[in-house]
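# Observations on the three-dimensional arrangement
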Amino acid sequence: MVKVNIAGCDTFVKAADYQKYVEKALAAYDVLRDENGAGNDFLGWKTLPVDIPESLIRDCETIRDEWAAKKIDLVVVIGIGGSYLGARCAIEALSHSFIQSDKAPRIVFAGNNLSEEYLSEVMDLAARSNVACVVISKSGTTTEPAVAFRVVKEYIEKTYGKQEASHRIVAITDAVKGALKTLSTQEGYRTFVVPDNVGGRYSVLTPVGILPIVLAGFDIRAMLRGAAAEREALLEKSAENPAVKYAAMRNLLYTELGKKVEILVTFNPKLQYLGEWWKQLYGESEGKENKGIFPASVVCTTDLHSMGQFIQEGDRVMFETTVTVENSNRELVIGSDEQNLDQLNYLAGQRVEHCNAMAQLGTKLAHIDGGVPQMEVGIERINEENLGALFYFFEFACGVSAYTLGINPFNQPGVEAYKKNMFALLHKPGYEAQTEEILKRIQN
Ligand code: PA5
């Protein structure tokens, strides 16, 4: 279960102010619990950990086993934003960083950018592999995944034939609408549904995350169990509720102290994509109406040698939330060296993780001294159960936090602005007037 520690903010905030923000967060908690706030038609994620039917997991396992029987060794997962970040976060956190498991296919992600070089390189890998594809788009109309899918689909059809392609492609999309749904029906693909009442960035515990995680060989039941236990813990309304503490403190730091940037810190590179997933969750949920904390992330100690200077002494706009991991899953002890030329014998016999823990503690204290308030969101170790708990915690806390700020956490009106310009510039049918207008604008 997730633990929240806000003691690293003590020197920055007054207890009475914190109490005031706890009250606000508790009121926001009521809105989320009672489902009477803005965006309340997008609250399906709240009960996903206990609602996901066993049959859905079995359907995913059937595809996994079928593809294993065909010796498929590469699955291209196509999607952008909420349609890939959760799966990528879980898979990167749980996988060996360098060695591909011989029990599961390699998972690569495409359709999360429009880079020709990136997609060409995915296709280079496909050409050396036995390939299947999972294409994910809730709306079924997003340009980035649609472009990638057109390329991957054509390759799979040419390589394995149209009939076999329909067994190697699975789509995850809306139950009835969107281009991807229409295409899937016509081509006879197996499909999974993204529930109507779950927004993209809250969808990791739907088939959007479940199928890729199962294909990668991880224990989705344990992840759902962890999320369910976290949900249970968060059902208790109190000032000690971890989501209330986190939401209260970040709103206080933002509103009263002008801390406009929150940096999610990890000391384990396996959690890099937790930062990416979290940035979308909080950025898209809160960054509206000219309000919101700007979510950033760093991986330490790596980034202490790049961003560390700014965090220590630059403009005092930020606070940090460190995702702490109590126990490492591996053990590596530093040896002793007779000559000690590197002068590291003082560490002989210590685990590498001990050095990491001391770096983490040293950084926390230095950053407090430098004027950067510190929060911690802790798990015991990286595994499926604790990742499930983290997903649920951050989603629930995001709802509480956004309502505390007076923002609808479940829409994303601003995401459309770039799309309109891009469609106009690409001469998309239906955008003729915008095309004319934008061409005039860029010619001046
Ligand atoms: O959170 C969101 O809703 C968005 O970030 C979407 O996940 C993203 O834009 C992808 O949309 P879609 O799944 O419809 O292709």
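Further up the page is the structure itself.
Just so you know, these numbers come straight off a predicted model, no measurement behind them.

### Observations concerning the sheet that holds strand β4 (residues 131-137)
Spatially, 5 strands are ordered β3-β2-β4-β5-β6 in an open sheet, and the strand pairing comes out parallel. Looking at which strands have only one partner, the edges of the open sheet turn out to be β3 (106-110) and β6 (190-193). Direction aside, neighbouring strands of the sheet carry axes that sit 20 degrees apart on average. Relative to β3, strand β2 (residues 74-78) runs parallel, the two sharing 5 bridges. Residue Ile 78 lies in a different strand from β3, and its bridge partner there is Ala 110. Docked against the sheet, helix α5 (residues 116-127) engages β2, β3 and β4, running at close to 155 degrees with respect to β3.

### A word on empty space enclosed by the protein
With the rule as written, the count across this model stands at 1 cavity of 30 Å³ or more. Estimated volume of the largest cavity: approximately 40 Å³. Forming the walls of the largest cavity are Leu 264, Val 265, Thr 266, Leu 271, Gln 272, Leu 274, Gly 275, Ser 297, Val 298, Val 299 and Val 323. Broken down by secondary-structure element, the contributors of at least two residues to the lining of the largest cavity are β7 (261-266), α12 (272-286) and β8 (294-299).

### Quick look at the sheet that holds strand β9 (residues 318-325)
By way of backbone hydrogen bonds, the strands of a sheet pair with one another, either parallel or antiparallel. In space, the 5 strands of this open sheet follow the order β1-β10-β9-β7-β8, with mixed pairing throughout. Each edge of the open sheet is held by one strand with a lone partner, namely β1 (3-5) and β8. The sheet shows a mean angle of 20 degrees between the axes of neighbouring strands, taken without regard to direction. Relative to strand β10 (residues 374-379), β1 is paired through 3 bridges, and the arrangement is antiparallel. By the bridge assignment, Asn 5 is partnered in β10 with Glu 376.

### Here we look at the side chain of Gln 280
Following the sequence through the fold, Gln 280 ends up in helix α12. Under the relative-accessibility criterion, Gln 280 is labelled buried at 12%. Gln 280 has contacts with Gly 81, Gly 82, Leu 85, Arg 201 and Ser 285, leaving out every residue within four places of it along the chain.

### Some words on the environment of Leu 253
Positionally, Leu 253 belongs in helix α11 (residues 242-257). A sequence separation of 241 residues divides Leu 253 from Phe 12, and the C-alpha atoms of the two residues are 8.6 Å apart.

### Side note on the packing of aromatic side chains
Scanning the model with the defined rule gives 18 aromatic pairs in all. Between the aromatic rings of Tyr 84 and Phe 109, the centroid separation amounts to 5.9 Å while the plane-to-plane angle is 55 degrees, which identifies the pairing as tilted. Within this pair, whereas Tyr 84 is found in the loop between β2 and α4 (85-94), its partner Phe 109 is found in strand β3, the two being separated by 25 residues in sequence. Relative accessible area serves as the criterion here: at 4%, Phe 109 is assigned to the buried category. Three or more aromatic residues joined by ring pairs form one cluster here, namely Tyr 29, Trp 45, Tyr 202, Tyr 392, Phe 396, Tyr 403 and Phe 410. Over the ring of Tyr 160 we find Arg 168, and its NZ or CZ is 3.7 Å from the ring centre. One cation-aromatic arrangement involves Lys 428 over Phe 423; the distance from NZ or CZ to the ring centre is 4.0 Å.

Scoring rules and cut-offs
Numbering of residues starts from 1 in every chain and runs along the sequence as written. Totals for whole chains, interfaces and linings use every residue, but because this is a predicted model, local features are given only for residues with pLDDT of at least 70 and side-chain atom pairs only at 80 or more, for both listing and counting. Neither water nor hydrogens contribute to the side-chain values; these are computed over all heavy atoms in the structure. Strands are treated as partners if at least two bridges between them are detected by DSSP. Strands are runs of DSSP state E lasting at least two residues, helices are runs of H or I lasting at least four, and both sets are numbered from the N terminus onward. A fitted line through C-alpha atoms represents every axis, and for helices the fit uses only the stretch in contact; the resulting angles, taken between N-to-C directions, go from 0 to 180 degrees. We call two residues in contact when some of their heavy atoms are within 4.5 Å. The method works on a 1 Å grid over the protein atoms by themselves. A cavity is a set of points holding a 1.4 Å probe that cannot get out, a pocket is an open set with protein on both sides within 12 Å along at least five of seven lines, and residues with an atom within 4 Å of a point line them. Grid points are joined across faces, edges and corners, and a volume is the space filled by probe spheres set on the points. Three exposure classes are used, based on accessible area relative to the maximum for each residue type with a 1.4 Å probe and protein chains only: buried under 20%, partly exposed in between, and exposed over 50%. Two rings from Phe, Tyr or Trp (for Trp, the six-membered ring) form a pair when their centres are within 6.5 Å of each other. A pair whose planes differ by under 30 degrees is stacked, one over 60 is edge-to-face, and the rest are tilted. Over a ring means this: the NZ of a Lys or the CZ of an Arg is within 6 Å of the ring centre and within 35 degrees of the ring normal.

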